[in-house]
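# Topology and contacts: notes
Residues per chain, in single letters:
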Amino acid sequence: MLGLGVDRLQADINRLLTSLFHQGVLDEQFLQLQQLQDDTSPTFVYDVINIYFDESDKLLRNLRLLLMDREFSDYKKIGLHLNQLVGSSSSIGARRVRNVCVAFRSASELSNRPGCLRGLEVVEHEYHYLKNMMHEIFQLEQQRLLAAGARYPM
């Protein structure tokens, strides 16, 4: 009976991940990240993704603060923040976040404030969707590991 629960949870995780790949939310870089996880580091993906979320939350907060300043004109600073977000998103396989950041960066290179505000909205939307879905996957993974007798930090 316990094995069936573990199998069902793994199937649910696989379905969610497959959906994220089909939607273009994740790409093959995420698979490479998963391959780095093993029995000696069973929470590797969770740890890396959470570092990404912590750093991305800061970058998004900084971008919002910059754009809310009516006197703001340093679009190069926005570009620097976006370069960081593009790089970290690429490294974990967050394809849609990376792609919308690239479009946002184009608006910043043109010093297009309305385009930047819209770009920030789109990036935040995609980022929060990714974060919510990964949170759901990590909850299922925690349940799977508990059912299998392992411990997963949350």
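Residues numbered from 1 in each chain as written. Predicted model: local features only at pLDDT ≥ 70, side-chain atom pairs only at ≥ 80, totals over all residues. Heavy atoms only, no water.

## Quick notes on the environment of S111
Relative to the assigned elements, S111 resides in the loop between α5 (95–109) and α6 (113–147). Look at S111 and you get partly exposed, because its relative accessible area is 44%. For the pair S111 and E28, spaced 83 residues apart in the sequence, the C-alpha separation amounts to 33 Å. (Helix = DSSP H or I, 4+ residues; strand = E, 2+ residues; numbered from the N terminus. Buried < 20%, exposed > 50% of the residue type's maximum accessible area, 1.4 Å probe, protein only.)

## Points about helix α4 (residues 75–92)
Between its first and last C-alpha atoms α4 spans 26 Å; for 18 residues at 1.5 Å apiece the expected length is 26 Å, and the two agree. All of the buried residues in α4 are Y75, I78, G79, H81, L82, L85, V86, S89 and I92. The buried residues of α4 all sit within an arc of 165° when viewed along its axis, so they share a single face. Relative to its buried face, α4 has exposed residues pointing more than 90 degrees away, namely K76 and L80. Those residues of α4 that are buried are in contact with α2 (28–35), α3 (44–68), α5 and α6. (Expected span 1.5 Å × (residues − 1). Arc of directions from axis to C-beta. Contact = heavy atoms within 4.5 Å.)

## Some points on the state of the cysteines
The tally for this structure, following the rule as stated, stands at zero disulfides. No disulfide involves C116; its sulfur sits 12 Å from the nearest other cysteine sulfur, which is in C101. (Disulfide = S-S within 2.5 Å.)

## Some thoughts on the packing of α5 against α6
Direction vectors running N to C along α5 and α6 enclose 170°, while the axes themselves pass 9 Å from each other. Accordingly, the angle class assigned to the pair α5 and α6 is roughly antiparallel. Where α5 abuts α6, its residues R96, V97, V100, C101, F104, A107 and S108 lie against G115, C116, G119, L120, V122, V123, E126, Y127, Y129 and L130. Within the contact of α5 with α6, the residues separate by chemical class into twelve nonpolar, three polar and two charged. (Axes fitted to C-alpha atoms, helices over the stretch in contact; angles between N-to-C directions. Parallel < 35°, antiparallel > 145°, perpendicular 65-115°, else oblique. Nonpolar A, V, L, I, M, F, W, Y, C, P; charged D, E, K, R; others polar.)

## Some details on the UniProt feature "domain: HPt" (unreviewed entry) in the chain
As recorded in UniProt, the feature "domain: HPt" (unreviewed entry) lies at residues 41–137. Along residues 41–137, the helical share is 86% and the strand share 0%, with 18 Å between the first and last C-alpha atoms. (UniProt positions renumbered as here; feature names shortened; annotations may be inferred.)

## Overview of the nonpolar core
Membership of the largest hydrophobic core comes to 44 residues, with the highest contact counts inside it found for F30, I49, Y52, I78, F104, L130 and M134. Elements that contribute at least two residues to this core include exactly α1 (2–22), α2, α3, α4, α5 and α6. In terms of residue count, α6 provides more of this core than any other element does, eleven residues in total. Setting aside its immediate chain neighbours within four residues, I78 contacts L63, L66, L67, F72, F104 and S108. (Core = buried A, V, L, I, M, F, W, Y, C linked by side-chain atoms within 4.5 Å.)

## Section: the side chain of R105
Following the sequence through the fold, R105 ends up in helix α5. Despite its burial, R105 pairs with no opposite charge; the closest candidate is E109, at 4.2 Å N-O. Not counting residues up to four positions away in its chain, the partners in contact with R105 are L82, N83 and V86. (Lys, Arg positive; Asp, Glu negative; His and termini not counted. Salt bridge = Lys/Arg side-chain N within 4 Å of Asp/Glu carboxyl O.)

## Some thoughts on the packing of α2 against α3
Geometrically, a packed helix pair is captured by the angle between its two axes and the distance between the axes. The N-to-C vectors of α2 and α3 enclose an angle of 130°; their axes lie 8 Å apart at closest approach. Classed by the angle they form, the pair α2 and α3 counts as oblique. Where α2 crosses over α3, the two elements pack in a sense that is right-handed. Contact residues: α2 offers F30, L33 and Q34, while α3 offers F44, V45, V48 and I49. Residues of the contact of α2 with α3, tallied by class, amount to six nonpolar, one polar and no charged. (Left-handed = near helix turned anticlockwise from the far one by under 90°.)

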